[in-house]
Amino acid sequence: MLTLVTGCRGRVGSALVSLLHERGHAVRAGSRNSGELSPPAGVPSVACDLGDPGTFAAALEGVDSVFLYAEPSRITEFLAAARTAGVAHIVLLSSSAVLGPDAGSNPIAASHHAVEQALGDSPLTTTLLRPGAFAGNAYQWSESFRSGRPVELPYPDSRTSPIDETDIAEAALAVLTDTRLKGSAYHLTGPESLTATEQVELLAAASGSPVTVRTVSRAAWKASVSPFVPEEIAEALLDYWAATDGSAAEVTRETEKLTGRPARTFAAWASGHADAFRA
């Protein structure tokens, strides 16, 4: 059984490739820029640009299952190529944002929603992983830590249940290798609801870098991220944080159900990545 893992430049995809390889499963690492990949020895890499159908046939040759990122632009062609290649199972890295009432129009959810719909219309067996906020989103504050500047937050009491990307990869490993878990949707979260301020405090404790939190306006935050965050995404994030300001984030047991152990805490993630937050 051969698994194609797409998006292997990402933290989840690269971790999943290593997990599959370590456990003796045949795996192929795919990426738009395959030459930039460094998979484990013995794992082949292949060009697989989910926006370029010309890369699909070679990437999917001999593949039984696919770990798929949510790129909707050529999803119809990708699924047709997967059926032609004999793929039997697709695991989609979706998002818990699709569970909202505005999933089709929300800029954060829309791409995941579109791919989920395409998969739902396909005869292929599909498993949906719907994680919420990634623990790795905290890297957005690393420069403030290293420079000694305050972490600027528009909604410091907004709560999420951040999940370690390694847990997502281990959940993907489970659904790819245990037939009993196929064909369902799983809402993955970390083990606790934390405010943004609490996450900053845990990072400060782990890194030994004292840092303060400064509350800023929506407009100021949006201006600060405008060089690298599209306006519609920034607005959607601000609306999400406003809606969760002071409200407990949902915590599920789906991660534990799939991996067989409790989800990793944010404090543990902070400890393991503390170097990125040291001056």
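To be clear, the structure that these remarks concern was listed above.
The paragraphs below set out a description of the structure included in this document. (Residues numbered from 1 in each chain as written. Predicted model: local features only at pLDDT ≥ 70, side-chain atom pairs only at ≥ 80, totals over all residues. Heavy atoms only, no water.)

Topic: the sheet that holds strand β6 (residues 125-131)
- Spatially, the 7 strands line up as an open sheet ordered β3-β2-β1-β4-β5-β6-β9, and their pairing is parallel. A single partner strand is all that each edge strand has here, and the edge strands are β3 (45-47) and β9 (185-188). The average angle at which neighbouring strand axes cross in this sheet is 20°, direction not considered.
- Looking at chain direction, strand β1 (residues 2-5) and strand β4 (residues 65-69) are connected through 3 bridges and run parallel. The partner of V5 across the bridge, within β4, is F67.
- Its contacts with the sheet put helix α6 (residues 165-177) on β1, β4, β5 (89-93), β6 and β9, and the angle it makes with β6 is roughly 165°. (Pairing = 2+ DSSP bridges. Helix = DSSP H or I, 4+ residues; strand = E, 2+ residues; numbered from the N terminus. Axes fitted to C-alpha atoms, helices over the stretch in contact; angles between N-to-C directions. Contact = heavy atoms within 4.5 Å.)

Some remarks on the layout of surface pockets
- Roughly 150 Å³ of internal volume is contained in the second largest pocket.
- M1, T3, L20, H25, D64, S65, H89, L176, T177, D178, T179 and K182 together form the lining of the second largest pocket.
- Split into classes, the residues belonging to the lining of the second largest pocket amount to 3 nonpolar, 6 polar and 3 charged. (1 Å grid on protein atoms, 1.4 Å probe; cavity = no way out; pocket = protein on both sides within 12 Å on 5 of 7 lines; lining within 4 Å. Points joined across faces, edges and corners; volume = space filled by probe spheres on them. Nonpolar A, V, L, I, M, F, W, Y, C, P; charged D, E, K, R; others polar.)

Overview of the pattern of salt bridges
- For the coordinates displayed, the defined rule picks out 20 salt bridges.
- The salt bridge partner of E143 is R146, with a shortest N-O separation of 3.0 Å. Note that E143 and R146 are positioned in helix α5 (residues 142-147) at a spacing of 3 residues, about one turn of the helix.
- Judged by its relative accessible area of 38%, R146 falls in the partly exposed class.
- Residues D239 and R218 are paired through a salt bridge, measuring 2.9 Å at the closest nitrogen-oxygen approach. Of the two residues, D239 sits in helix α9 (residues 231-243) while R218 sits in helix α8 (residues 218-225), which places them 21 residues apart along the sequence.
- Of the residues examined, R218 reaches a relative accessible area of 28% and is grouped as partly exposed.
- What you see here is one network of salt bridges that share partners, running through R218, K222, E231, E235 and D239. (Salt bridge = Lys/Arg side-chain N within 4 Å of Asp/Glu carboxyl O. Buried < 20%, exposed > 50% of the residue type's maximum accessible area, 1.4 Å probe, protein only.)

Take it as geometry only, folks, not as evidence of what the structure does.
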